[in-house]
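The lines below spell out each chain.
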Amino acid sequence: TKMKKLIAGNWKMNGSLAANEALVKAMLEGLQGAEPAADMALCAPAPYLAQLQSLLQGSPIAWGAQDVSAHEQGAYTGEVSVAMLKEFGCRYAIVGHSERRQYHGETDEVVAAKAQRALAAGVTPIVCVGETLAQREAGETEAVVKRQLAAAIHTVGHCITEIVVAYEPVWAIGTGKTATPEMAQAVHAVLRAQLAAATTHPKRVHILYGGSMNAANAASLLAQPDIDGGLIGGASLKAADFLQIVASAR
Ligand code: 3PY
(Lines give C-alpha, C1' and ligand atoms only; values in the text may rest on other atoms or scores of the structure.)
Protein backbone atom coordinates (compact mmCIF):
# COMPACT_ATOMS: atom_id res chain seq x y z
CA THR A 1 0.00 0.00 0.00
CA LYS A 2 1.14 3.48 -0.78
CA MET A 3 2.35 5.55 2.14
CA LYS A 4 0.13 8.50 3.00
CA LYS A 5 1.54 11.94 2.50
CA LEU A 6 2.41 13.99 5.59
CA ILE A 7 1.29 17.58 6.00
CA ALA A 8 3.08 19.20 8.94
CA GLY A 9 2.44 22.72 10.13
CA ASN A 10 5.32 24.83 11.42
CA TRP A 11 3.78 27.62 13.46
CA LYS A 12 7.19 29.18 14.10
CA MET A 13 7.09 31.80 16.91
CA ASN A 14 3.38 32.51 16.56
CA GLY A 15 0.31 31.73 18.62
CA SER A 16 -1.30 32.29 21.98
CA LEU A 17 -3.42 30.05 24.17
CA ALA A 18 -6.57 31.63 22.79
CA ALA A 19 -5.50 31.69 19.15
CA ASN A 20 -4.19 28.10 19.26
CA GLU A 21 -7.41 26.80 20.74
CA ALA A 22 -9.53 28.52 18.10
CA LEU A 23 -7.24 27.32 15.30
CA VAL A 24 -7.06 23.71 16.44
CA LYS A 25 -10.80 23.50 17.10
CA ALA A 26 -11.53 24.85 13.61
CA MET A 27 -9.16 22.27 12.11
CA LEU A 28 -10.73 19.38 14.03
CA GLU A 29 -14.21 20.55 13.09
CA GLY A 30 -13.22 20.75 9.44
CA LEU A 31 -11.86 17.21 9.57
CA GLN A 32 -15.06 15.67 10.91
CA GLY A 33 -16.73 13.01 8.81
CA ALA A 34 -14.27 12.12 6.10
CA GLU A 35 -11.10 10.05 6.39
CA PRO A 36 -8.24 12.59 6.15
CA ALA A 37 -6.37 12.50 2.85
CA ALA A 38 -2.99 12.77 4.58
CA ASP A 39 -1.24 12.25 7.87
CA MET A 40 -1.07 15.53 9.76
CA ALA A 41 1.01 17.19 12.44
CA LEU A 42 1.35 20.61 14.05
CA CYS A 43 4.71 21.81 15.34
CA ALA A 44 4.27 24.46 18.02
CA PRO A 45 6.48 26.56 20.30
CA ALA A 46 7.49 24.45 23.32
CA PRO A 47 5.26 26.20 25.90
CA TYR A 48 2.18 25.21 23.88
CA LEU A 49 2.91 21.51 23.60
CA ALA A 50 0.88 20.70 26.70
CA GLN A 51 -2.03 22.58 25.20
CA LEU A 52 -1.72 20.66 21.93
CA GLN A 53 -1.55 17.41 23.86
CA SER A 54 -4.87 18.15 25.53
CA LEU A 55 -6.52 19.48 22.36
CA LEU A 56 -5.24 16.82 19.93
CA GLN A 57 -5.01 13.64 22.02
CA GLY A 58 -7.10 10.99 20.25
CA SER A 59 -7.54 13.12 17.12
CA PRO A 60 -6.07 12.42 13.68
CA ILE A 61 -3.58 15.29 14.10
CA ALA A 62 -0.20 14.54 15.71
CA TRP A 63 1.94 17.26 17.24
CA GLY A 64 5.56 18.09 17.69
CA ALA A 65 8.24 20.62 18.53
CA GLN A 66 10.22 22.97 16.31
CA ASP A 67 13.58 22.04 17.79
CA VAL A 68 15.11 19.68 20.35
CA SER A 69 18.36 19.70 22.28
CA ALA A 70 21.27 17.61 21.06
CA HIS A 71 22.00 16.91 24.73
CA GLU A 72 20.26 14.39 26.93
CA GLN A 73 19.85 16.48 30.10
CA GLY A 74 21.68 18.73 32.48
CA ALA A 75 23.30 22.16 32.49
CA TYR A 76 22.01 23.50 29.17
CA THR A 77 20.08 26.64 30.04
CA GLY A 78 17.15 27.27 27.75
CA GLU A 79 17.26 23.88 26.04
CA VAL A 80 14.39 21.38 25.84
CA SER A 81 15.21 17.67 25.92
CA VAL A 82 13.58 14.96 23.87
CA ALA A 83 12.47 13.23 27.08
CA MET A 84 10.47 16.37 27.88
CA LEU A 85 8.93 16.34 24.41
CA LYS A 86 7.98 12.69 24.93
CA GLU A 87 6.21 13.54 28.17
CA PHE A 88 3.98 15.88 26.23
CA GLY A 89 3.20 13.31 23.56
CA CYS A 90 5.25 14.78 20.72
CA ARG A 91 5.61 12.50 17.71
CA TYR A 92 7.85 14.89 15.76
CA ALA A 93 10.60 17.45 16.24
CA ILE A 94 11.73 19.71 13.42
CA VAL A 95 15.53 19.94 13.38
CA GLY A 96 17.79 22.21 11.37
CA HIS A 97 15.15 24.58 10.03
CA SER A 98 17.01 27.21 8.02
CA GLU A 99 15.96 29.85 10.53
CA ARG A 100 17.86 27.95 13.19
CA ARG A 101 20.84 27.40 10.92
CA GLN A 102 20.82 31.12 10.00
CA TYR A 103 20.02 32.84 13.30
CA HIS A 104 21.26 30.30 15.83
CA GLY A 105 24.39 29.04 14.15
CA GLU A 106 23.32 25.42 13.84
CA THR A 107 25.78 23.38 11.82
CA ASP A 108 25.15 20.15 9.91
CA GLU A 109 26.81 18.29 12.79
CA VAL A 110 24.55 19.86 15.44
CA VAL A 111 21.48 19.17 13.32
CA ALA A 112 22.53 15.54 12.85
CA ALA A 113 23.13 15.16 16.60
CA LYS A 114 19.65 16.52 17.30
CA ALA A 115 18.15 14.09 14.80
CA GLN A 116 20.01 11.24 16.44
CA ARG A 117 18.88 12.27 19.92
CA ALA A 118 15.25 12.46 18.80
CA LEU A 119 15.35 9.07 17.07
CA ALA A 120 16.90 7.39 20.08
CA ALA A 121 13.88 8.46 22.14
CA GLY A 122 11.30 7.50 19.50
CA VAL A 123 10.54 11.02 18.32
CA THR A 124 10.65 11.43 14.53
CA PRO A 125 13.01 14.20 13.47
CA ILE A 126 11.95 16.33 10.51
CA VAL A 127 15.40 17.15 9.15
CA CYS A 128 15.41 20.34 7.07
CA VAL A 129 17.78 20.93 4.19
CA GLY A 130 17.90 23.66 1.57
CA GLU A 131 20.05 26.12 -0.32
CA THR A 132 20.21 29.91 -0.13
CA LEU A 133 19.57 32.10 -3.16
CA ALA A 134 23.30 32.76 -3.56
CA GLN A 135 24.01 29.03 -3.49
CA ARG A 136 21.31 28.33 -6.09
CA GLU A 137 22.63 31.05 -8.35
CA ALA A 138 26.13 29.65 -8.00
CA GLY A 139 24.87 26.24 -9.11
CA GLU A 140 25.52 24.70 -5.71
CA THR A 141 21.99 23.53 -4.83
CA GLU A 142 22.68 19.84 -5.25
CA ALA A 143 25.99 19.92 -3.39
CA VAL A 144 24.49 21.86 -0.46
CA VAL A 145 21.46 19.65 0.12
CA LYS A 146 23.56 16.50 -0.31
CA ARG A 147 26.09 17.72 2.24
CA GLN A 148 23.28 18.52 4.70
CA LEU A 149 21.55 15.16 4.27
CA ALA A 150 24.88 13.29 4.31
CA ALA A 151 25.55 14.59 7.83
CA ALA A 152 22.28 13.05 9.03
CA ILE A 153 22.88 9.78 7.19
CA HIS A 154 26.40 9.54 8.58
CA THR A 155 25.17 10.08 12.15
CA VAL A 156 21.98 8.02 12.28
CA GLY A 157 23.15 5.15 10.07
CA HIS A 158 20.56 2.44 9.38
CA CYS A 159 17.90 4.45 11.28
CA ILE A 160 17.76 6.78 8.28
CA THR A 161 14.45 5.23 7.16
CA GLU A 162 12.87 6.58 10.35
CA ILE A 163 13.53 10.24 9.69
CA VAL A 164 11.46 12.71 7.71
CA VAL A 165 13.35 15.01 5.35
CA ALA A 166 12.08 18.49 4.48
CA TYR A 167 13.49 20.32 1.48
CA GLU A 168 13.08 24.02 2.08
CA PRO A 169 14.83 26.32 -0.37
CA VAL A 170 15.84 29.22 1.88
CA TRP A 171 14.89 31.79 -0.75
CA ALA A 172 11.32 30.46 -0.68
CA ILE A 173 10.85 30.61 3.10
CA GLY A 174 8.45 33.25 4.28
CA THR A 175 9.08 35.20 1.06
CA GLY A 176 5.97 34.11 -0.83
CA LYS A 177 8.30 32.70 -3.50
CA THR A 178 7.82 29.02 -4.17
CA ALA A 179 10.00 26.65 -6.12
CA THR A 180 8.11 25.49 -9.20
CA PRO A 181 6.93 21.89 -8.89
CA GLU A 182 9.63 20.90 -11.40
CA MET A 183 12.40 22.69 -9.49
CA ALA A 184 11.28 21.10 -6.24
CA GLN A 185 10.92 17.64 -7.79
CA ALA A 186 14.45 17.85 -9.23
CA VAL A 187 15.91 18.37 -5.75
CA HIS A 188 13.62 15.75 -4.18
CA ALA A 189 14.87 13.24 -6.77
CA VAL A 190 18.46 14.01 -5.76
CA LEU A 191 17.59 13.44 -2.09
CA ARG A 192 15.77 10.19 -2.90
CA ALA A 193 18.78 8.91 -4.82
CA GLN A 194 21.01 9.78 -1.89
CA LEU A 195 18.69 7.87 0.45
CA ALA A 196 18.68 4.94 -1.96
CA ALA A 197 22.44 4.70 -1.58
CA ALA A 198 22.02 4.51 2.20
CA THR A 199 19.03 2.17 2.57
CA THR A 200 17.18 -0.44 0.59
CA HIS A 201 13.90 1.29 1.50
CA PRO A 202 14.33 4.89 0.29
CA LYS A 203 10.60 5.22 -0.38
CA ARG A 204 9.79 4.75 3.28
CA VAL A 205 11.24 8.18 3.97
CA HIS A 206 8.82 11.09 3.58
CA ILE A 207 10.51 13.93 1.73
CA LEU A 208 8.43 17.05 2.42
CA TYR A 209 8.56 20.27 0.46
CA GLY A 210 8.55 23.46 2.50
CA GLY A 211 8.84 27.08 1.56
CA SER A 212 5.64 29.02 1.15
CA MET A 213 3.51 25.98 0.29
CA ASN A 214 -0.06 27.20 0.43
CA ALA A 215 -3.62 26.25 -0.51
CA ALA A 216 -3.14 27.53 -4.06
CA ASN A 217 0.13 25.79 -4.94
CA ALA A 218 -0.04 22.62 -2.83
CA ALA A 219 -1.79 20.34 -5.32
CA SER A 220 0.76 20.80 -8.09
CA LEU A 221 3.70 20.37 -5.71
CA LEU A 222 2.17 17.30 -4.03
CA ALA A 223 1.52 15.70 -7.44
CA GLN A 224 5.27 15.32 -8.03
CA PRO A 225 6.52 11.74 -7.66
CA ASP A 226 9.09 12.45 -4.94
CA ILE A 227 7.16 15.06 -2.93
CA ASP A 228 5.63 13.12 -0.05
CA GLY A 229 4.05 16.01 1.81
CA GLY A 230 4.63 19.52 3.00
CA LEU A 231 6.10 21.51 5.87
CA ILE A 232 3.75 24.45 6.02
CA GLY A 233 4.64 27.83 7.49
CA GLY A 234 2.17 30.71 7.31
CA ALA A 235 -0.66 28.66 5.82
CA SER A 236 -0.67 26.40 8.90
CA LEU A 237 -1.93 29.35 10.94
CA LYS A 238 -5.22 29.32 9.02
CA ALA A 239 -7.50 26.32 9.47
CA ALA A 240 -9.14 26.53 6.06
CA ASP A 241 -5.81 26.81 4.23
CA PHE A 242 -4.22 23.97 6.18
CA LEU A 243 -7.22 21.72 5.54
CA GLN A 244 -7.21 22.55 1.86
CA ILE A 245 -3.55 21.58 1.64
CA VAL A 246 -4.37 18.31 3.42
CA ALA A 247 -7.25 17.67 0.99
CA SER A 248 -4.98 18.27 -1.99
CA ALA A 249 -2.61 15.53 -0.78
CA ARG A 250 -4.64 12.66 -2.28
C1 3PY B 1 7.69 28.12 5.16
O2 3PY B 1 6.62 27.68 4.74
O3 3PY B 1 8.14 29.18 4.75
C4 3PY B 1 8.47 27.35 6.13
O5 3PY B 1 9.56 27.73 6.48
C6 3PY B 1 7.91 26.12 6.69
O7 3PY B 1 8.77 25.54 7.61
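One can find the structure itself at the top, above this paragraph.
Let me begin by describing the structure that accompanies this report. (Residues numbered from 1 in each chain as written. Predicted model: local features only at pLDDT ≥ 70, side-chain atom pairs only at ≥ 80, totals over all residues. Heavy atoms only, no water.)

Take the environment of I7 next. Structurally, the position occupied by I7 is in strand 1 (residues 6-10). With a relative accessible area of 0%, I7 lands in the buried category. Between the C-alpha atom of I7 and that of A247, which follows or precedes it by 240 residues, the distance is 9.9 Å. Dropping the residues within four chain positions of it, I7 is found in contact with A38, D39, M40, A41, L222, G229, G230, I232, F242, I245, V246 and A249. (Helix = DSSP H or I, 4+ residues; strand = E, 2+ residues; numbered from the N terminus. Buried < 20%, exposed > 50% of the residue type's maximum accessible area, 1.4 Å probe, protein only. Contact = heavy atoms within 4.5 Å.)

Another point: the pairing of strand 8 (residues 229-232). Residues of strand 8 alternate between two faces, with G229 and L231 on one and G230 and I232 on the opposite face, all of them buried. Bridge count between strand 1 and strand 8: 4 bridges; the pairing is parallel. Looking across to strand 8, one finds that L6 is bridged to G229. In this sheet, strand 8 lies alongside strand 7 (residues 207-210) in parallel orientation, the contact comprising 2 bridges. Across the sheet, Y209 pairs through a bridge with G230, a residue of strand 8. (Pairing = 2+ DSSP bridges.)

Right, let's talk about the pattern of salt bridges for a bit. Counted according to the given criterion, the structure contains 14 salt bridges. Close ionic contact of R100 with E106 constitutes a salt bridge, the shortest N to O distance being 2.7 Å. For the salt bridge of D108 with R101, the shortest nitrogen-to-oxygen distance reads 2.8 Å. For D108, a relative accessible area of 11% translates into the label buried. (Salt bridge = Lys/Arg side-chain N within 4 Å of Asp/Glu carboxyl O.)

Bringing the side chain of S81 into the picture now. Its location among the elements puts S81 in the loop between strand 3 (61-65) and helix 3 (82-87). Under the relative-accessibility criterion, S81 is labelled buried at 7%. Filtering out sequence-adjacent residues up to four positions away, S81 remains in contact with V68, S69 and E72.

Side chains Y92 and I94 project from strand 4 (residues 92-95) onto one buried face, and the interleaved A93 and V95 project onto a second face that is buried too. Pairing geometry for strand 3 and strand 4, over 2 bridges, is parallel. From the neighbouring strand, G64 faces strand 4, where its bridge partner is Y92. Taken together, strand 3, helix 3 and strand 4 constitute a β-α-β crossover, and its handedness is right-handed. (Right-handed = clockwise from strand over helix to strand, strands pointing away.)

Before going further, it helps to examine the site of the ligand. Lining the immediate surroundings of the ligand are N10, K12, H97, E168, I173, G174, G211, S212, L231 and G233. In this structure, K12 approaches the ligand through a side-chain N or O atom, which is 2.9 Å from an oxygen atom. At a separation of 2.7 Å, an oxygen atom of the ligand approaches a polar side-chain atom of E168. Of the residues contributing to the shell around the ligand, the split by class is 2 nonpolar, 6 polar and 2 charged. (Near = heavy atom within 4 Å. Polar contact = N/O pair within 3.5 Å; in protein donor to acceptor, adjacent residues only side chain to side chain. Nonpolar A, V, L, I, M, F, W, Y, C, P; charged D, E, K, R; others polar.)

Attention now moves to the nonpolar core. Core analysis: the biggest nonpolar cluster contains 63 residues, and I7, L42, I163, L191 and Y209 have the highest contact counts within it. Membership of the second largest hydrophobic core comes to 13 residues, among which are C43, A62, C128 and V164. (Core = buried A, V, L, I, M, F, W, Y, C linked by side-chain atoms within 4.5 Å.)

A separate point is helix 8 (residues 181-196). Residues three or four positions apart in an α-helix share a direction because the helix packs 3.6 residues into each turn. Between its first and last C-alpha, helix 8 extends 22 Å over 16 residues, near the 22 Å set by a 1.5 Å rise per residue. Of all the residues in helix 8, the buried ones are P181, A184, Q185, V187, H188, V190, L191, R192, Q194 and L195. Contacts made by the buried residues of helix 8 are with strand 5 (124-129), helix 6 (133-137), helix 7 (141-156), strand 6 (164-167), strand 7 and helix 9 (218-222). (Expected span 1.5 Å × (residues − 1).)

Let's shift gears to the packing of helix 5 (residues 108-120) against helix 7. Closest axis-to-axis distance for the helix 5/helix 7 pair is 9 Å, and the angle between their directions is 40 degrees. Taken together, helix 5 and helix 7 sit at an angle that is classed as oblique. Remark: the crossing between helix 5 and helix 7 carries right-handed chirality. Contacts between helix 5 and helix 7 involve D108, A112, A115, Q116 and L119 on the former and, on the latter, R147, Q148, A151, A152, T155 and V156. The class makeup of the residues in the contact of helix 5 with helix 7 is 6 nonpolar, 3 polar and 2 charged. (Axes fitted to C-alpha atoms, helices over the stretch in contact; angles between N-to-C directions. Parallel < 35°, antiparallel > 145°, perpendicular 65-115°, else oblique. Left-handed = near helix turned anticlockwise from the far one by under 90°.)

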